[in-house]
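Single-letter residue listing:
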Amino acid sequence: MVDLDVKAFFDSVPWELMLKAVARHATQPWVMLYVGRWLKAPMLRPDGALTRRTKGTPQGGPISPLIANIFLHYGFDTWMSREFPGVGFERFADDVVVHCVTERQALQVRQAIGRRFADIGLQLHPDKTRIVYCKDDRRRLDYHQVTFTFCGYAFRPRKSWDKIRGEARTGFLPAVAPGKLTDMSRKVASWRLHRRTTWSLNDLAEEVNPALRGWLNYFTAFYPSAVTPIAKRADRHLMRWARWKYKRLKPSEDRARAWLKGVRQRSPNLFAHWALRYTT
């Protein structure tokens with residue numbers, strides 16, 4: 001398969017083609033007016049200076065993923081269906097994976113997509129666009145690249161249990177990507193829960209559960225045990241909070257751990273991450 005990476009997509013997409021794609025779906029003139037204004041709004045620098053833009057769409061803006069999907073629907077999806085009708089692919093915004101049956105086909109498809117993107121003002125990243133071999137028990141060839149990331153999930157060979165055969169096997173399976181784990185861990189640390197000693201546990205749960213629940217709902221769809229480090233990290237911060245808040249727990253981490261275990265047993269649904277099966 002081909003793991004595509006578009007170089008600086010949100011900074012490079014041409015306005016003329018973007019507006020042409022949106023116009024195929026806009027039924028009201030004001031829609032095109034506001035999309036055009038959104039695209040052409042100057043960039044505000046940290047020093048307060050405004051910089052004129054000539055292409056691209058603001059990355060991280062609420063409308064950018066929508067118009068990016070519209071643009072690539074015509075720039076990529078319909079082109080793929082026409083030029084390679086037998087080749088499957090998945091795409092979300094500029095995150096794309098293309099399924100091929102041989103390395104030769106993958107090379108051919110990658111080159112053709114590179115030419116297509118050049119025609120619509122984009123460029124494939126030369127280092128991050130890769131051919132990946134989906135290695136598992138049935139595909140045992142040696143290949144230098146056997147992993148890729150798509151929509152926050154890392155796909156690679158992983159050990160699993162075949163319930164039908166009752167045996168361990170190796171499958172090509174998705175789990176939360178290491179980079180996403182790092183991002184979530186940093187977010188948990190940024191909450192600085194241990195400093196909120198005037199808050200109750202219910203207050204803390206109300207504050208952090210929306211983020212924790214969102215992460216778990218998304219990243220436990222496949223290989224949920226891979227998300228366990230985030231649950232453990234959150235509990236370590238809760239234990240630290242307890243040691244700062246309660247003098248009797250301060251001398252010993254073991255006391256704080258036992259205290260937290262007791263809270264979990266009494267109120268197992270208080271924190272969203274407690275739904276995971278793991279040991280603190």
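Above this text you will find the structure in question.
Residues numbered from 1 in each chain as written. Predicted model: local features only at pLDDT ≥ 70, side-chain atom pairs only at ≥ 80, totals over all residues. Heavy atoms only, no water.

## Digging into the nonpolar core
Ranked by size, the top nonpolar core spans 40 residues in total, and within it F148, L201, W259 and F271 carry the most contacts. In terms of residues, this core owes the most to one element, helix 7 (residues 201–219), which gives eight residues. Not counting chain neighbours up to four residues away, the residues in contact with L201 comprise W241, W259, V263, L270 and F271. The next biggest cluster of nonpolar side chains, apart from the first, holds 36 residues, and it includes L39, L72, Y74 and V109. (Core = buried A, V, L, I, M, F, W, Y, C linked by side-chain atoms within 4.5 Å. Buried < 20%, exposed > 50% of the residue type's maximum accessible area, 1.4 Å probe, protein only. Helix = DSSP H or I, 4+ residues; strand = E, 2+ residues; numbered from the N terminus. Contact = heavy atoms within 4.5 Å.)

## Things to note about the state of the cysteines
Summed over all chains, the structure comprises zero disulfides. For the unlinked cysteine C100, the closest cysteine sulfur is that of C134, found at 10.0 Å. No disulfide involves C151; its nearest neighbouring cysteine sulfur is the one of C134, lying 16 Å away. The class for C151 is partly exposed, based on a relative accessible area of 25%. (Disulfide = S-S within 2.5 Å.)

## Topic: the layout of surface pockets
The volume enclosed by the largest pocket comes to roughly 610 Å³. The wall of the largest pocket is formed by 22 residues, among which D5, F10, Q59, D94 and D95 lie closest to the centre. Residue assignment for the lining of the largest pocket shows that the elements contributing at least two residues are strand 1 (2–5) and helix 4 (64–83). Considering every element that reaches the lining of the largest pocket, the biggest residue donor is strand 1, with three residues. Its residues assigned to classes, the lining of the largest pocket shows eight nonpolar, seven polar and seven charged. In this structure, the second largest pocket encloses a volume near 240 Å³. Lining the second largest pocket are 15 residues, and of these M1, C100, T102, V132 and Y133 lie nearest its centre. In the lining of the second largest pocket, the residues fall into ten nonpolar, two polar and three charged. (1 Å grid on protein atoms, 1.4 Å probe; cavity = no way out; pocket = protein on both sides within 12 Å on 5 of 7 lines; lining within 4 Å. Points joined across faces, edges and corners; volume = space filled by probe spheres on them. Nonpolar A, V, L, I, M, F, W, Y, C, P; charged D, E, K, R; others polar.)

## Observations regarding the environment of F271
Examined against the element boundaries, F271 turns out to sit in the segment after helix 9 (253–266). When its relative accessible area of 1% is taken as the criterion, F271 is described as buried. For the pair F271 and L33, spaced 238 residues apart in sequence, the C-alpha separation works out to 45 Å. Residues in contact with F271, not counting those within four places in the same chain, are L201, L204, A205, V208, N209 and L238.

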